[in-house]
Every structure is written in C-alpha cells, then in structure tokens.
Amino acid sequence: MSQEMYAAEPEATRRDAGEAESSRASRGWWDRNADEYQGDHGAFLGDDRFVWGPEGLDEAEARLLGPTGALKGLDVLEIGAGAAQCSRWLAAQGARPVALDLSHRQLQHALRIGEGVPLVEADAGRLPFRDGSFDLACSAYGAVPFVADPVRVFREVHRVLRPGGRWAFSVTHPIRWAFPDEPGPEGLSVAASYFDRTPYVEQDERGDAVYVEHHRTLGDRVRDVVAGGFRLADLVEPEWPAWNDQEWGGWSPLRGNLIPGTAIFVCVRD
C-alpha cells in the first residue's frame, strides 16, 4: 500500500487562512478531487450547460448575463470554469469565451469533454489579460468562495472588463454558514454565528490547509462588490424547483424549500 493509503483524514476547523495558503489549498484540493467531482456532478452540469448552482437555475432561462441573442460576438471570461461547461454553452450562443481555472486537473477534464474553448490556468487574483479585454465575466461557484481577498479578484475583473461590462458570480448563500452543512433535518437548526467570518479550513496532520472556504455576510459581499469598482444591479436567490430531487452536499429539496442555498450577484462596470 502507498503512504497515501495511511494518510489521516483532514481535520476540520475554523481558523485564519491568508491569500497564499488559501490559493495553495484550493489548487491542491481541486487537482485531487476533480475526477470525483466531475464523476458525481458531470451529468447534472452537462457538457455544454450553464448552471448557476445546485438548484439548477439555468442561464438559458435566467439571462443574468443579458438576452441570449445578445451574447453573440461578445468576449466572455469564465472564472473558476472547472471543465468549462458554462463556456461551451456561451460558445454555442455565439460568444467568444475564455475558461480560466486554478486547477490543472479540472482543465484536463475540459479537454476531455471537447476542444474549441480557450483554456487558461491562472489565479483569479492575478488575471493574465490586458485591460479591457472582455465584455462579460462570470463565475458559477468558482474562485470567489475560496479566496481570502475577494476585493482583489473583483478589481482584477473590473480591470479586464470594458466599460459597461457585466460581472455575475454565484456563491453559497451567506445564511448557510449559520447552519450545519447537512442535507437532512439536522441542517435546519442554527448551530453557529452568522457573523463569524473565521474561514472553514480542513488541514493535514502538519496543520497545513488542504481546503479553505471563506465566509462573508451578505452585507460584506455587497461592500466587496462596491470596493471592487462595481455597481450591484441585482441579487438573485434561486428558489428550489419542483423538478430537482437531487442532493448535492448540503443542498437538498428539504433545505432548498425553506432557506436559500445560493446567492448570485449581478454587477456592472460603469
């Protein structure tokens, strides 16, 4: 047996985690777990579908990036693209997407599904593009929940967008941080302070973070958007649809019918 077979399970805790540690943990976690993630959720995500979150809200109906017909010919940056499913949908609408992700393994899955969308491996806080390169930017649960300094990411997005450009991103709804991350009844009772911004960290036996997720309150997110140079145009809290009977981690029909699970921020670069 390999040494990995004997590796201890990561310890879950709440502690500070800075920018470098968070980035390193995210890259490693997604490289290690990309295969399982795509295996578990690939059918739901599709190969060329733009889904904003576990509720199943589809951009084809939500139109948070604008009318579907208006996407043709636009340059679009997808941040935290994973296997680039959203970018493929954008390309099918006539847009010119670029799919960016921190994880090399996630981008390998993008190549496995199909070529045709430019792929870039980079950190969302250091976008390797010139000023004003894109008309739109989007992120479905990518990058933002995992970075220690979201304002830095937003300022980078602001920099690479053209005036009038739109930036839409989805994250776990902040209220969920007050509840256990469980899909059943145990996930319906408040167990922690909503106002505790201490990051959730999984760390190895040496105390090094192997997974980090950062909590911001709803007000924090709004202030971060403004500090990044954007105007908040809409805040969407998708309701759980009757057709969706699947569980995805802590997301489930039981919880989804009672408390929001996803928040989508639609921002404009004036």
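Just so you know, these numbers come straight off a predicted model, no measurement behind them.

Caption draft 1: Representation of the overall build of the protein. The helix and strand inventory of the protein stands at 7 helices and 10 strands. Its C-alpha radius of gyration of 18 Å places the protein within 12% of the 18 Å reference for a compact globule of 270 residues. Referenced to the eigenvectors of the C-alpha coordinate spread, the extents of the protein come out at roughly 50 × 45 × 35 Å. By sequence separation, contacts in the protein at least 24 residues apart represent 70% of the contacts at least 6 residues apart. Carbon and sulfur atoms make up 50% of the accessible area of the protein, which amounts to about 12600 Å² in all. Of note, the protein has its 28 positive side-chain charges centred 8 Å away from the centre of its 43 negative side-chain charges.

Caption draft 2: Molecular detail of the pairing of strand S3 (residues 96–101). The buried count for S3 comes to 5 of 6 residues, which makes it a mostly enclosed element. Bridge count for strand S2 (residues 75–79) against S3 is 5 bridges, and the pairing is parallel. Residue Val-76 lies in a different strand from S3, and its bridge partner there is Pro-97. Regarding the hand of the β-α-β motif, the stretch spanning S2, helix H3 (residues 85–92) and S3 is right-handed. Taken together, S3, helix H4 (residues 104–113) and strand S4 (residues 119–121) constitute a β-α-β crossover, and its handedness is right-handed.

Caption draft 3: Focus on the environment of Thr-68. Relative to the assigned elements, Thr-68 resides in the loop between helix H2 (59–62) and S2. Remark: the alpha-carbon pair of Thr-68 and Ala-95, spanning 27 residues in sequence, is separated by 9.8 Å.

Caption draft 4: Highlighting the packing of aromatic side chains. On inspection of all chains with the given rule, the structure shows 17 aromatic pairs. Where Phe-44 meets Trp-248, the ring centres are 5.7 Å apart and the plane angle is 85°; that geometry is what we call edge-to-face. Taken together, the positions of Phe-44 in helix H1 (residues 19–45) and Trp-248 in the loop between strand S9 (231–236) and helix H7 (253–256) put the pair 204 residues apart, joining distant regions of the chain. Each member of the pair, Phe-44 together with Trp-248, is buried. Every member of this aromatic cluster is reached through a ring pair, and the members are Trp-29, Trp-30, Tyr-37, Phe-44, Phe-146, Tyr-200, Tyr-211 and Trp-248.

Caption draft 5: Looking closely at the pattern of salt bridges. As enumerated under the stated definition, the model contains 20 salt bridges in all. Two residues, Arg-152 and Glu-19, come together in a salt bridge whose shortest N-O distance is 2.8 Å. One end of the pair, Arg-152, is in helix H5 (residues 150–160); the other, Glu-19, is in helix H1, with 133 residues separating them in the sequence. Among the residues examined, Glu-19 registers a relative accessible area of 30% and is labelled partly exposed. Across the salt bridge formed by Arg-206 and Glu-205, the nearest N and O atoms sit 4.0 Å from each other. The same class applies to Arg-206 as to Glu-205, namely exposed. If you follow the salt bridges from partner to partner, you end up with Glu-19, Asp-123, Arg-126 and Arg-152 in one network.

Rules used throughout
- Note on numbering: residues in each chain are counted from 1, in written sequence order.
- Local features in this predicted model are restricted to residues whose pLDDT is 70 or higher, and side-chain atom pairs enter the listing and the counts only when it is 80 or higher, whereas totals over whole chains, interfaces and linings include all residues.
- For the side-chain quantities, the full set of heavy atoms in the structure was used; hydrogens and water were omitted.
- Under the DSSP-based scheme used, a helix requires at least four consecutive residues in state H or I and a strand at least two consecutive residues in state E, with every element numbered from the N terminus.
- Radius of gyration here uses only the C-alpha atoms, and the compact-globule reference equals 2.2 Å multiplied by the residue count raised to the power 0.38.
- By definition, residues are in contact when any of their heavy atoms lie within 4.5 Å.
- Only the protein chains shown count as cover for residues, and the accessible areas themselves come from Shrake-Rupley with a 1.4 Å probe.
- We score Asp and Glu as negative and Lys and Arg as positive, and we do not count His or the chain ends.
- Here the site of a charge means atom NZ of a Lys, CZ of an Arg, CG of an Asp or CD of a Glu.
- Each residue is assigned to one of three classes by its accessible area relative to the maximum for its type, calculated with a 1.4 Å probe on protein chains only: buried under 20%, partly exposed between the two thresholds, exposed over 50%.
- Between any two strands, at least two bridges found by DSSP are needed for them to pair.
- Handedness of a crossover is defined as follows: with both strands directed away from the viewer, a clockwise route from the first strand across the helix to the second makes it right-handed.
- Each Phe, Tyr or Trp ring (for Trp, its six-membered ring) is paired with any other whose centre lies within 6.5 Å, and the angle between the two planes then decides the class: stacked below 30 degrees, edge-to-face above 60, tilted in between.
- Salt bridge, as used here: a side-chain nitrogen of Lys or Arg that lies within 4 Å of a carboxyl oxygen of Asp or Glu.

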